[in-house]
Amino acid sequence: MDEYIGYENAEKSNKKQGSGIKGYQVFLLMLVSAVIGVAICLAVLIGGNSGFRLIRLQGEDKSALVSMIVDRIEKYYYFQDELPSEDEMFTAAAKGVVYSINDPYADFFTDSGYNDYRNELNGNYKGIGVTIALDPEGRGIVVLRAYVDNPAYNAGLRDRDIIISANGESFAGLDLDTCSGKLKGEDGSVVTVEVIRGEETLTLDITRGDVTVSRVFSERLDNNIGYICIEEFTGDAETAFDAQLDALLESGITSLIIDLRNNPGGSLSTVLGIADRVLGDCVITTLEGKTYTTPEVYRSTDEEKLEIPFIVLVNGMSASASEVFSGAIQDNGAAPLLGENTFGKGIVQTYIDLGKDLGYLKLTTDVYFTPNGSMIHGKGLAPDIEVELPEEYQGQAPYYMMNYYREYDTQLAAAIEYLTGK
């Protein structure tokens, strides 16, 4: 089992409910919900005023219910050519059971679906490595971010480029999903894109391949201030944070800004590792629930500690593992939190391997508490220094604030003012 503390999956999981299953999870769930007792009646409509006849099935155990339903569908359903595969029906039934408990963070994955999900979560997947949005002028799509050292970037694509065609097919007037689909393809295949950059029009050949997205980026600001943004506590976040913090310290920074704005969470082990790098010997968090026989207290060690003044930026989209980290910083008096009240997700999800190639169950299993014993679920953490972004920039990710709108980042400016005293 693997523990995950993040809120992004509520949205992603709910979106997946309606995709790729053709609505059969709803159909099967309705059938499962309608069955009472051990006898099942299959009603067959034969039209007119003649009513319907019943095929009565006796003595089946509830544990075999889904298998029995799939079997009868395959035997009696008239439109056999429209049926999904048997595996798809069983997956839909499993998802239906999971969704019926109304846990917005729960999900069921096949083995392959789980591997794809975890790879994407950790920033490893096949593609070209860009974040895109529709061009407001309707010409195609805007590259919001071309991830460094990935296929698109290595082929010459850059932030703010406008892709107007792929393999000769114009993007003008198309929706985002259609454009995105035209950029996808087999690993190792080439997509030729036409790009507008300023007054130039460029043609770039991008070879699709492995994409590795780092969850951490940093910069040395004026006044010997270091800046590190942790976008998620997943993938390479712990090793990247350590490396980039060491580089900033070696460069001579005398204070640090840690940016957790828009950070939806991540793995428990990753946030514990990063907190241990920053804090001295103290409590980070306490977990209790279904995977713990007694409450488990997690502490940082005294092996390393950040010895320079620092401040942590948070907002309403800083959640879960971000709140574990922020709560530890705040309750231990290590540094102030600056920004806006955090999201308020104080629960933990566990991935459970069902074995025998049956897939994985993701389920809310535990809760966590801050070092002072606070349960922040539904409440969040209040910042020590409250500062809002201008309304038009609310919700913008730190990457875009730092690279495009820095002069409007009131929270960053307030953090710099706090650290410099001016």
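Residues numbered from 1 in each chain as written. Predicted model: local features only at pLDDT ≥ 70, side-chain atom pairs only at ≥ 80, totals over all residues. Heavy atoms only, no water.

Draft legend 1. Structural detail: the nonpolar core. If you look at the biggest cluster of nonpolar residues, it comprises 41 residues, and the most contacted ones within it are Ile 230, Leu 256, Ile 258, Phe 310, Val 312, Phe 325 and Ile 329. If you list the elements that add at least two residues to this core, you get strand 14 (225–230), helix 8 (237–250), strand 15 (255–259), helix 9 (268–278), strand 17 (282–289), strand 19 (310–314) and helix 10 (321–331). Of the residues forming this core, the biggest block, six residues, is contributed by helix 9. When residues no more than four places from it in sequence are discounted, the contact partners of Phe 325 are Phe 233, Ile 258, Leu 260, Val 271, Ile 274, Ala 275, Val 278 and Val 312. (Core = buried A, V, L, I, M, F, W, Y, C linked by side-chain atoms within 4.5 Å. Buried < 20%, exposed > 50% of the residue type's maximum accessible area, 1.4 Å probe, protein only. Helix = DSSP H or I, 4+ residues; strand = E, 2+ residues; numbered from the N terminus. Contact = heavy atoms within 4.5 Å.)

Draft legend 2. View of the packing of aromatic side chains. Counted according to the given criterion, the structure contains 15 aromatic pairs. For the ring pair Tyr 78 and Phe 79, a centre distance of 5.1 Å and an interplane angle of 90° mean the geometry is edge-to-face. For Tyr 78, a relative accessible area of 70% corresponds to the exposed category. Between Tyr 399 and Tyr 400 the ring centres are 5.3 Å apart and the planes differ by 90°, which places this aromatic pair in the edge-to-face class. A relative accessible area of 12% means that Tyr 399 is categorised as buried. What links up through ring pairs into an aromatic cluster is the set Phe 217, Tyr 227, Tyr 393, Tyr 399, Tyr 400, Tyr 404, Tyr 405 and Tyr 408. (Phe/Tyr/Trp six-rings, centres within 6.5 Å; stacked < 30°, edge-to-face > 60°.)

Draft legend 3. Just helix 5 (residues 111–121), in detail. Every buried residue of helix 5 is listed here: Tyr 114, Tyr 117, Arg 118 and Leu 121. All buried residues of helix 5 project into a common sector of 95° when viewed along the axis, lining one side. Backbone geometry just downstream of helix 5 places Gly 123 in the positive-phi region, at approximately 85°. (Arc of directions from axis to C-beta.)

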